[in-house]
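Next come the chains, spelled out residue by residue.
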Amino acid sequence: MKTVIFDLDGTLYDKSGLARRLIFAELRRGRLRMLKREREVRKELRGKHFKSEEAFYAAFFARFDKPEFARRWYFEEYMPDMVAILRKHYHTAPWVQTVIPELRANGRKVVVFSDYGFVEEKLRAIGFRLDWADCIFDAPSLGGLKPCRESFETLCREIGCPPSDCMMVGDRDDTDGAGARAVGMPFVHIKNASLNLSHHFQSITSNP
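Residues numbered from 1 in each chain as written. Predicted model: local features only at pLDDT ≥ 70, side-chain atom pairs only at ≥ 80, totals over all residues. Heavy atoms only, no water.

**What about unusual backbone geometry?**
Put simply, the rule reads: Counting from the N terminus, the helices are DSSP H or I runs at least four residues long and the strands are E runs at least two residues long.
Following Lys146, the chain continues to Pro147 via a peptide bond in cis, the omega torsion being 10 degrees. Phi is positive for Phe118, which is not a glycine, with a value near 55 degrees. Here Phe118 shows up in the loop between β2 (109-114) and α6 (119-125).

Structure (structure tokens):
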């Protein structure tokens, strides 16, 4: 296995309580209806492919009653709120600081692939060093939310590695797993990021 692709939320950190904290944050702003609609729209667009990041976000915000207001809320309030909550309450899972450097040290490429934007900001917030990752991607920039097959294919082209030589690691079988299977990529299902998961990676962290 040449490349290991990690989901972010729920995989590189235990996201327990995150939804509740986001609800409280948006409730304080008076934006709870916006948050509810954001969740609905993500489900509507899940797995669909758009030609570009711009096309994805155009379709995304067009499903809100006030598209331009929704765009400003999303990028200027909601995503910064998420980053602030992560910085205050969350940190990388126990296995991350051991497994990730070992993968890199043994010649494996490490990729982070999140369904949300603000990936670098969120990684910094949980204490993940950006130099641990060879590449960082968000699904909108690839044209579609997981399990969009085309997004997985584009990612593999960008990193120059065929799906069969990659392994997807994620907490959701319906998005991370389904997308990986759609392109013939092995998938490791992380059901509890807070556990010591080093054993999942022993065979690929050792020298070839």
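**Points about the pairing of strand β3 (residues 135-138)**
Applied cut-off: Pairing between two strands requires that DSSP report at least two bridges joining them. A clockwise path from the first strand over the helix to the second, with the strands pointing away from the viewer, defines a right-handed crossover.
Relative to β3, β2 is paired through 4 bridges, and the arrangement is parallel. Bridge pairing in β3 links Val111 to Cys135. The parallel pair β2 and β3, bridged by α6, forms a crossover whose chirality is right-handed.

**As for the packing of helix α1 (residues 18-29) against helix α2 (residues 32-45)**
Note the following rule: Lines are fitted to the C-alpha atoms to define the axes, a helix being fitted only along its stretch in contact, and any angle between axes, read from their N-to-C directions, falls within 0 to 180 degrees. Small angles under 35 degrees read as roughly parallel and large ones over 145 as roughly antiparallel, with 65 to 115 read as roughly perpendicular and the rest as oblique. Should any heavy atoms of two residues lie within 4.5 Å, those residues are considered in contact. Three categories are distinguished: nonpolar for Ala, Val, Leu, Ile, Met, Phe, Trp, Tyr, Cys and Pro, charged for Asp, Glu, Lys and Arg, and polar for the others, with Gly belonging to the last.
The interhelical angle for the contact between α1 and α2, taken along N-to-C directions, is 135 degrees, at an axis separation of 7 Å. The pairing of α1 with α2 is recorded here as oblique in orientation. Touching Ala19, Leu22, Ile23, Glu26 and Leu27 of α1 are Leu32, Leu35 and Arg39, all from α2. A breakdown of the residues in the contact of α1 with α2 according to their chemical character gives 6 nonpolar, no polar and 2 charged.

**Some points on the pairing of strand β1 (residues 3-6)**
In the case of a regular strand, side chains alternate between the two sheet surfaces. Applied cut-off: Only protein chains enter the area calculation, which uses a 1.4 Å probe; residues under 20% of their type maximum are buried, those over 50% are exposed, and those in between are partly exposed.
Neither face of β1 is exposed, since Thr3 and Ile5 on one face and Val4 and Phe6 on the opposite face are all buried. As judged from the 4 bridges shared by β1 and β2, these two strands associate in the parallel manner. Across the sheet, residue Phe6 finds its bridge partner in β2, namely Val112. Bridge count between β1 and strand β4 (residues 166-170): 4 bridges; the pairing is parallel. Note that in β4 the partner of Val4 across the bridge is Met167.

**Quick word on the packing of aromatic side chains**
Quick note on the threshold: In summary, the pairing rule links any two rings of Phe, Tyr or Trp, Trp by its six-membered ring, whose centres are within 6.5 Å, and it sorts them by plane angle into stacked for under 30 degrees, edge-to-face for over 60 and tilted for everything else.
According to the stated counting rule, one finds 21 aromatic pairs in the structure shown. Taken together, a centroid distance of 6.4 Å and an interplanar angle of 55 degrees make the contact between Tyr57 and Tyr74 tilted. Of this pair, Tyr57 sits in helix α3 (residues 53-62) while Tyr74 sits in helix α4 (residues 67-89), placing them 17 residues apart in sequence. Overall, Tyr57 belongs to the buried group, its relative accessible area being 7%. Owing to a relative accessible area of 2%, Tyr74 belongs among the buried residues under this scheme.

**So, the pattern of salt bridges**
Filter applied, for reference: Note on definitions: salt bridges are taken to be side-chain nitrogens of Lys or Arg within 4 Å of carboxyl oxygens of Asp or Glu.
One pass over the full model with this rule turns up 22 salt bridges. In this structure, Lys122 and Asp9 form a salt bridge, with 2.8 Å as the shortest nitrogen-oxygen distance. On the criterion of sequence distance, the pair formed by Lys122 in helix α6 and Asp9 in the loop between β1 and α1 is long-range, its members being 113 residues apart. Each of the two residues, Lys122 as well as Asp9, counts as buried.

**Let's talk about helix α5 (residues 96-105)**
Counted only if it meets this: Starting at the helix axis, one direction is taken to each C-beta atom, and the arc is that of these directions.
When we look at burial in α5, the residues that qualify are Val96, Val99, Ile100 and Leu103. Mapping the buried residues of α5 onto a view down its axis gives an arc of 95 degrees, with all of them on the same face. Among the exposed residues of α5, those oriented more than 90 degrees off its buried face are Gln97 and Ala105. With its phi angle positive at about 85 degrees, Gly107 sits one or two positions after the end of α5.

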